[in-house]
Amino acid sequence: MHGIGVFVCHCGSNIAATVDVKKVVEMAKLEPGVVHAEDYQYMCSEAGQEKIAQAIKEKNLSGIVVCSCSPRMHEATFRKCAEKAGLNPYMVEIANLREQCSWIHKDIEEGTEKAVILTRAAIAKVNLNTSLEAGESGVIKRALVIGGGIAGIQTALDIADAGYEVDIVEKTPSIGGKMAQLDKTFPTLDCSACILTPKMVDAAAHEKINLYTYSEVEKVSGFVGDFTVEIRKKARYVNMDKCTGCGVCMEKCPSKKAKSEFNSGLSNRPAIYTPFAQAIPNVPVIDPTQCIKLKTGKCGVCEKFCQAGAIDYKQKDEVITQKYGAIVVATGFEVIKLDNYDEYAYSQSKDVITSLELERIMNAAGPTKGHLERLSDGKPPKNIVFIQCVGSRCAENKGKSYCSKICCMYTAKHAMLIRDKYPDVNVTVFYIDVRTPGKNFDEFYRRAVEEYGVNYVKGQVGKVAPQADGSLLVHGVDLIDGKQLKISADMVVLAAAIEPNPTVRNIATMLTASIDTNNFLTEAHPKLRPVESPTAGVFLSGVCQGPKDIPETVSQAGAAAIKVVGLLAKDKLMTNPCTAKADELLCNGCSACANVCPYGAISYEDKLINDHGIRKTHRVAVVNSALCQGCGACTVACPSGVMDLQGFSNRQIIAEVDAICR
Amino acid sequence: MQELISRLKELLESGSVQRVLGWKKGDFTFNPEPAYFNSAEELSEFVYDGFCGANLSKYMIKASNLEGVTAVLLKPCDTYSFNQLIKEHRVIREKAYIIGIGCKGKLSLDAIKAQGVKGITDIKGAEIDGDCNELKVETLYGEKTVSYKDSMLERCHVCKGKEHMIYDELMLESADTLDADRFTDVEIIENLTSEDKFTYFQRELSKCIRCNACRNVCPACSCRKCVFDSTKFDSEQKANVDPFHESMFHIIRAFHVAGRCTDCGECSRVCPQGIPLHLFNRKFIKDINEYYGVFQAGEDIGQTSPLTDYTLDDMEAEERR
C-alpha cells in the first residue's frame, strides 16, 4: 500500500517569497497516493528533519517527496533522514523548488504554478520508486597527481606525508612547472627557485612519491577507489639509472638551435637537455625533432662523451598500467597566444614582451643573466610601459572574459623590482583596475606607487607603434585626466592572460570530469566542494580549476590532498545503486549500449533465458554495477528499451513527463 | 538463371547447405515471395526476377537459429543490411552461405499502375536473363507495354551500386540503374515552411493503418520485442489514442533506426498505403552525412556508427571549443 508524504520547505524566504508554499501543500494533498503533506521554514534543519522522521513513522509512509533546493544540495541529507526513520533512502524524491523555480521566477502566481507541477512530477515518480541497496567497493591506497608544478608537488607531498603512495605524472622532462620559471614571488619577493627547489627535492626524495616525468596519461578507466590508468613514459633516449647528471652531453651536443622552453624561447638549448640547471630528475632527454643522430643516423657525440654509457638511441616509449584510488588534476596554465593582439606589436618588435618573458630576463639564470636589456639591441631600456589585462576581462571573443587574477600583483612586482635596481628607468603601468585582494597585497602595490614612484595610469592602450629609431610609441588614454597619451617607450611588457593548459581538455575527457566554457575544470560545488570534481574520486589542484596565485595554489593543493587522504583512508566505499540494468528477456544483444557506455561497464554473455517456459540461449547485456556510474547513456541508446536505470527507470521518467503535461 | 538453379541444387545435394533462402513463385508473375527450399526438388518453385525486391537478410535472424547452413541470396543493396545485422550480433555469419546475386533494378507494381495500367493479369520482361528494357503487361483490357526503368522502385533510381559488401560467391550480372539523387526529395521537404512540413507529414501519415508492415520488414527493426508491443512502457495503449500518436509511431521508429538504417527502402516498398516512409530515414542519413561526414550503415562491419561514437572531431566537441 502506497502512502506518500510531501514536505514543502520555505528555505527561509528563498522559496516562500516566490512560491505560495501553503498552496503547494494543498495541491499535493490531491495527488494520488499522498497521505500527508506539510510545510516548514527550514526542512533541512534538525527540527525539519524531525518532522519528516515523525511523519514516516506515524503515517507509515512508503515514500516521501521533499520540495526544497537542488538534490545536489540536500538529497543526501534527506535520504539519511529517511533511512534513520526506517525508510529505504531511495524512496526519497526531491522537487527542486529553489534553483529550478523560485530563484528564476519573480511572479508568485507563476512560481506557485510551476512549483505545483514540479511537486506533481516528483509524486508521480516516487509512486514508482523501488527500494535500492547500495553495494560496496574497495579502495586502492594510491593516488595519481597529473601535473608536477607547485600544485601537483604540494598535493603529492601532503598525500605522501599522510602515508599513502603517490605518483606524479609530468609531461615535461622536469617537475617544477611555471613557478620554476619565475624570478621573484609577490608579495614577499622571495626568490622563486629558493622556495620551490627544496620542495622539488623533497618530492623526489620522498619514499612514498614516485615521479613519472616526460610522461603523459594516456587512458583512464574505472571509478572512484579503483581507477586503472595507462601512463606513457616517452622515450628519453637516456637511461635514467645510468645517467649521473654530469651535463657533458649537453655541452658537447652540436645541435643547439632549439628554443629553450624554460626561457620562454628567448635562448637556445641543445637537442639533449634538461630544462634548467635544477631540474628534477637531473637526467636529460633527447629531443628527437632536434637530434642529428635520431634524424640522420650520423653524430652520436653525446654517446661518445657519456662516461656512464647512459645514452640509448634505441629507447622506445613505454606504457605502464597502474591502479589508483584517487586522481588529482594539477595541469596548470599557459600564457595565451597573442595572435589576436597585433595592436601591441608583439609579433613585430622584439622589445614587446610578455611578463613571463620579462620574468626570465630578470632572472640570473635567464637569457640575459639577469640584466635588464632590450632583446633587439641589448641596450638597457630607459622607459618601460606595462600594459595590463592583455586578453583578460575581454568582452569580445578575441580574449578571455575572466580576470587572470595574478597580473596586477606581478606587474607591481616587476615595476618595483625595476625601479629598485634601475632607479633611472621610468616605469608606466596602464591598468583598468588594480586588484589586490590578498594578504599584504594592497600594501605591496601601494609601495610600488608611493615608495618606488611607479607611474600608474588608469586607462587602456590602443596601439603600440614601432618607430624607425627602434623606440615604441605607446598610444594610450588617461581616463582620470581624460586625455590621450603618447609615450615613447623602449620596452613594452604585456600582462598576457593565462588559460588552462590546453592538454586539460583531453585529460578531462579521459576522466569524464566536466570543464567550463573557458576550459577550467568545474568544481562539484563552487563554494562547498571547491577542490572536488563532480566526478567521484577526481580532485582539482591549482590553476586548472581557476586563476590563482602561488599562496592560493598551495592552499588548494593541500585541500585537495586532504580530500584524497579522506578517501584513501576508507577501506570500503558505498556504491551508487542507481545503475543500469538490462531486461534479459528482451535484450537483443546488439551492442548499442556497450558502444555508448563511457565507463566500459557493459559486457555480453550468452545466457540461457527462460522466456515464459521457452528456454533459449541469447546474447544479453550484463552491467558491471561497480563500473556503472548511472549516466543513462545506454538507456537511450537501446532501441527496445531494455536498459533501465534503477531509480530513474523509463517508466518513472515518462510518469514525470505525464504528470507535468497533465 | 539456369546456372543459378543448378548451383543451388549442387549446394543442397552436396549437403554443404541445409536450405536455400530465396523467392518462390506467387499467385501471379508479379508477386513472388520469400521462401526456404529444403531440397533440390523444392527448387522447381524457385524464381528470381525483377519482382524479387524483398530483402532476405532479415530472415537470416531466424535462419541463424536453424540447424546447419542456409544459402541466402542477397542483392547488392541487401548485403548492407546483412552487414549491419552482423554488427548488431543478430545474425551469425557462419550460418549463412551468401550468394551475391546480380540485380537489374527491382520493379514496383504501384509504379506500373501509376503509368495508367489497370487490371493487370500477367507481366513479362522482368526475367533476370533478359535485357530489362521493356515490360509487356497483359491486362483485362489487352496488352500494354511500359518501360522497365519507369516501373522501378524508387530505391533503384538511387541505387547504391553493383558491389556486394559481403558474399561467399557471386552470380548473375547487374545493371546500372542510378539516375536520380538520393536526397532531392529530402531537400524539397527541408525547404518547406514549418507549417507546410507539418501539413505534409500529417497528410502522409494520416494514411497509416498501423499494419506494422514497415516495422516487420525492416532489417533494423529486429528487436526481440518492439517497444510498441511491449507492456513495459504503456506505449502499446498510447499509440492508438489519436492520429497524432499514429504519426509518433513512425517518428519514433525513424529515431530507433537512425545511424543503423542502410536505406534499403523496404519500408516504402511494403507500405500498403504508399507512404514514403524512407524519407524519414533519409533525412537522418543526410544529417549524419553533413554533421559527421559521409556514413553508410552496413558498408563495413568494423566501422563505428557516428551516433554511438564520440570523437574530438565531432561537431558537439567543436561547439564546446
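Residues numbered from 1 in each chain as written. Chains lettered and ligands numbered in written order. Predicted model: local features only at pLDDT ≥ 70, side-chain atom pairs only at ≥ 80, totals over all residues. Heavy atoms only, no water.

1. Let's talk about the overall build of chain A
Part 1: When helices and strands are tallied, chain A shows 17 helices and 34 strands.
Part 2: Seen through its principal axes, chain A has C-alpha atoms that stretch 90 × 65 × 40 Å.
Part 3: The buried share of chain A, taken over its 662 residues, is 54%.
Part 4: Taking all contacts inside chain A whose residues are at least 6 apart in sequence as the whole, residues at least 24 apart take part in 68%. (Helix = DSSP H or I, 4+ residues; strand = E, 2+ residues; numbered from the N terminus. Buried < 20%, exposed > 50% of the residue type's maximum accessible area, 1.4 Å probe, protein only. Contact = heavy atoms within 4.5 Å.)

2. Some words on the packing of helix α2 (residues 46-58) of chain A against helix α3 (residues 71-84) of chain A
Residues and elements named next belong to chain A.
Part 1: Two elements in contact, α2 and α3, have axes whose closest approach is 9 Å; the angle formed by their N-to-C orientations is 40°. By the criterion of interaxial angle, the relationship of α2 to α3 is oblique. Between α2 and α3 lies a crossing of right-handed hand. Seen from α2, the contacting residues are Gln49, Ile52, Ala53 and Ile56; seen from α3, they are Thr77, Phe78, Cys81 and Ala82. (Axes fitted to C-alpha atoms, helices over the stretch in contact; angles between N-to-C directions. Parallel < 35°, antiparallel > 145°, perpendicular 65-115°, else oblique. Left-handed = near helix turned anticlockwise from the far one by under 90°.)

3. What about the sheet that holds strand β10 (residues 209-212) of chain A?
The pairing of strands in a sheet comes from backbone hydrogen bonds and takes either a parallel or an antiparallel form.
All names here are of chain A.
Part 1: With respect to topology, five strands assemble into an open sheet ordered β10-β7-β6-β18-β29, the strand pairing being parallel. Only two strands of the sheet have a single neighbouring strand rather than two, namely β10 and β29 (538-540). For this sheet the average axis-to-axis angle between neighbouring strands, irrespective of direction, equals 20°.
Part 2: Pairing between strand β7 (residues 165-169) and β10: four bridges, direction parallel. What sits directly across from Asp167, in β10, is Asn210.
Part 3: Most of the contacts of helix α5 (residues 150-161) go to β7, to which it runs at about 165°, and overall it touches β6 (142-146), β7, β10 and β18 (326-329).
Part 4: In this fold helix α13 (residues 504-511) packs onto β6, β18 and β29, with an angle of close to 160° to the strand it touches most, β18. (Pairing = 2+ DSSP bridges.)

4. Comments concerning a nonpolar patch on the surface
All names here are of chain A.
Part 1: A cluster of nonpolar side chains, Phe648, Ile653 and Val657, forms an exposed patch at the surface whose accessible area comes to about 230 Å².
Part 2: You can see Ile653 is positioned in helix α17 (residues 650-661).
Part 3: For Ile653, a relative accessible area of 37% corresponds to the partly exposed category. (Patch = residues over 30% accessible without salt bridge, like charges linked within 9 Å, V, L, I, M, F, W, Y side chains within 5 Å. Areas by Shrake-Rupley, 256 points an atom, 1.4 Å probe, with all protein chains shown as cover. Salt bridge = Lys/Arg side-chain N within 4 Å of Asp/Glu carboxyl O.)

5. Comments concerning the domain arrangement of chain B
All names here are of chain B.
Part 1: Looking at chain B, the domain boundaries give domain 1 (2-171) and domain 2 (184-320).
Part 2: Here the C-alpha centroids of domain 1 and domain 2 sit 25 Å apart.
Part 3: Taken residue by residue, the interface counts 23 residues in domain 1 and 28 residues in domain 2.
Part 4: Counting each side, the surface lost to burial between domain 1 and domain 2 is near 2000 Å², with a carbon and sulfur contribution of 48%.
Part 5: Linking domain 1 to domain 2 there are three salt bridges.
Part 6: As a salt-bridge pair, Arg282 and Glu154 come within 2.9 Å of each other at their nearest N and O atoms.
Part 7: Where domain 1 meets domain 2, there are 16 residue pairs in polar contact (both at pLDDT 80 or more).
Part 8: Broken down by secondary-structure element, the contributors of at least two residues to the side of domain 1 that touches domain 2 are α3 (76-87) and α5 (154-157). (Domains from an automatic or database assignment. Buried area = accessible area lost by both parts, 1.4 Å probe. Polar contact = N/O pair within 3.5 Å; in protein donor to acceptor, adjacent residues only side chain to side chain.)

6. Focus on the domain arrangement of chain A
All names here are of chain A.
Part 1: The domains assigned to chain A are domain 1 (4-126), domain 2 (142-234 + 317-332 + 501-568), domain 3 (248-305), domain 4 (335-499) and domain 5 (580-646).
Part 2: Taken over C-alpha atoms, the centre of domain 2 sits 31 Å from the centre of domain 4.
Part 3: Between domain 2 and domain 4, the contact holds 18 residues from the first and 24 residues from the second.
Part 4: For the pairing of domain 2 and domain 4, the buried interface totals around 1800 Å² over both sides, and the portion due to carbon and sulfur atoms is 66%.
Part 5: If you sort the residues of domain 2 by the area they bury against domain 4, Asp183, Phe186 and Pro187 come out on top, with a joint share of 32%.

7. A look at the packing of aromatic side chains
Part 1: For the coordinates displayed, the defined rule picks out 14 aromatic pairs over all chains.
Part 2: Positioned above the aromatic ring of A:Tyr604, the side-chain terminus of A:Arg619 is 4.2 Å from the ring centre.
Part 3: Directly above the aromatic system of B:Phe249 lies the positively charged group of B:Arg210, at a separation of 3.9 Å from the ring centroid. (Phe/Tyr/Trp six-rings, centres within 6.5 Å; stacked < 30°, edge-to-face > 60°. Lys NZ or Arg CZ within 6 Å of the ring centre and 35° of its normal.)

8. Let's talk about the state of the cysteines
Part 1: Overall, the coordinates contain one disulfide over all chains when judged by the stated rule.
Part 2: Note on cysteine connectivity: A:Cys191 is disulfide-linked to A:Cys194, with sulfurs 2.5 Å apart. The disulfide joining A:Cys191 to A:Cys194 has a torsion of about 90° about its S-S bond and is therefore right-handed.
Part 3: According to the relative accessible area criterion, A:Cys191 is partly exposed, its value standing at 25%.
Part 4: On the basis of relative accessibility, which here comes to 49%, the residue A:Cys194 falls in the partly exposed class.
Part 5: There is no disulfide at A:Cys81, and the cysteine sulfur nearest it, in A:Cys44, is 11 Å away.
Part 6: With relative accessibility at 5%, the residue A:Cys81 sits in the buried group.
Part 7: Left without a disulfide partner, B:Cys218 is nearest to the cysteine sulfur of B:Cys221, which lies 4.3 Å away. (Disulfide = S-S within 2.5 Å.)

9. Here we look at the environment of B:Val270
Residue and element names in this part refer to chain B.
Part 1: Tracing the backbone shows Val270 in helix α11 (residues 266-270).
Part 2: By relative accessible area, which is 24% here, Val270 ends up partly exposed.
Part 3: Spatially, the C-alpha atom of Val270 lies 9.7 Å from that of Asn216, the residues being 54 residues apart in sequence.
Part 4: Not counting chain neighbours up to four residues away, the residues in contact with Val270 comprise Ala213, Cys214 and Val217.

10. What to know about helix α12 (residues 441-450) of chain A
Residue and element names in this part refer to chain A.
Part 1: Regarding α12, the residues found buried are Phe441, Phe444, Tyr445 and Ala448. Projected down its long axis, α12 carries its buried residues within an arc of 95°, all on one side.
Part 2: In this structure, the buried side of α12 is in contact with α11 (407-421) and β23 (455-458). (Arc of directions from axis to C-beta.)

11. Here we look at the pairing of strand β4 (residues 96-101) of chain B
Residues and elements named next belong to chain B.
Part 1: Of all six residues that make up β4, five are buried, and the element is covered over most of its length.
Part 2: In this sheet, β4 lies alongside strand β3 (residues 70-74) in parallel orientation, the contact comprising five bridges. When the sheet's bridge partners are listed, Thr70 is paired in β4 with Ala96.
Part 3: Pairing of β4 with strand β8 (residues 169-171) involves three bridges; the strand directions are parallel. Counterpart to Ile101 in the pairing with β8 is Met171.

12. So, the interface of chain B and chain A
Part 1: Taken together, the contacts link 21 residues of chain B with 25 residues of chain A.
Part 2: Applying the counting criterion to the chain B and chain A interface returns zero salt bridges.
Part 3: On the surface where chain B and chain A come into contact, there are six residue pairs in polar contact (both at pLDDT 80 or more).
Part 4: Residue composition of the side of chain B that touches chain A, by class: five nonpolar, five polar and eleven charged. (Nonpolar A, V, L, I, M, F, W, Y, C, P; charged D, E, K, R; others polar.)

13. Topic: the confidence of the model for chain B
Residue and element names in this part refer to chain B.
Part 1: Across chain B, pLDDT averages 92, with 94% of residues at or above 70.
Part 2: Across chain B, the element-wise mean pLDDT spans from 58 in helix α9 (residues 235-238) up to 98 in β3.
Part 3: Complex prediction metrics read pTM 0.73 and ipTM 0.84. (pLDDT = per-residue confidence, 0-100.)

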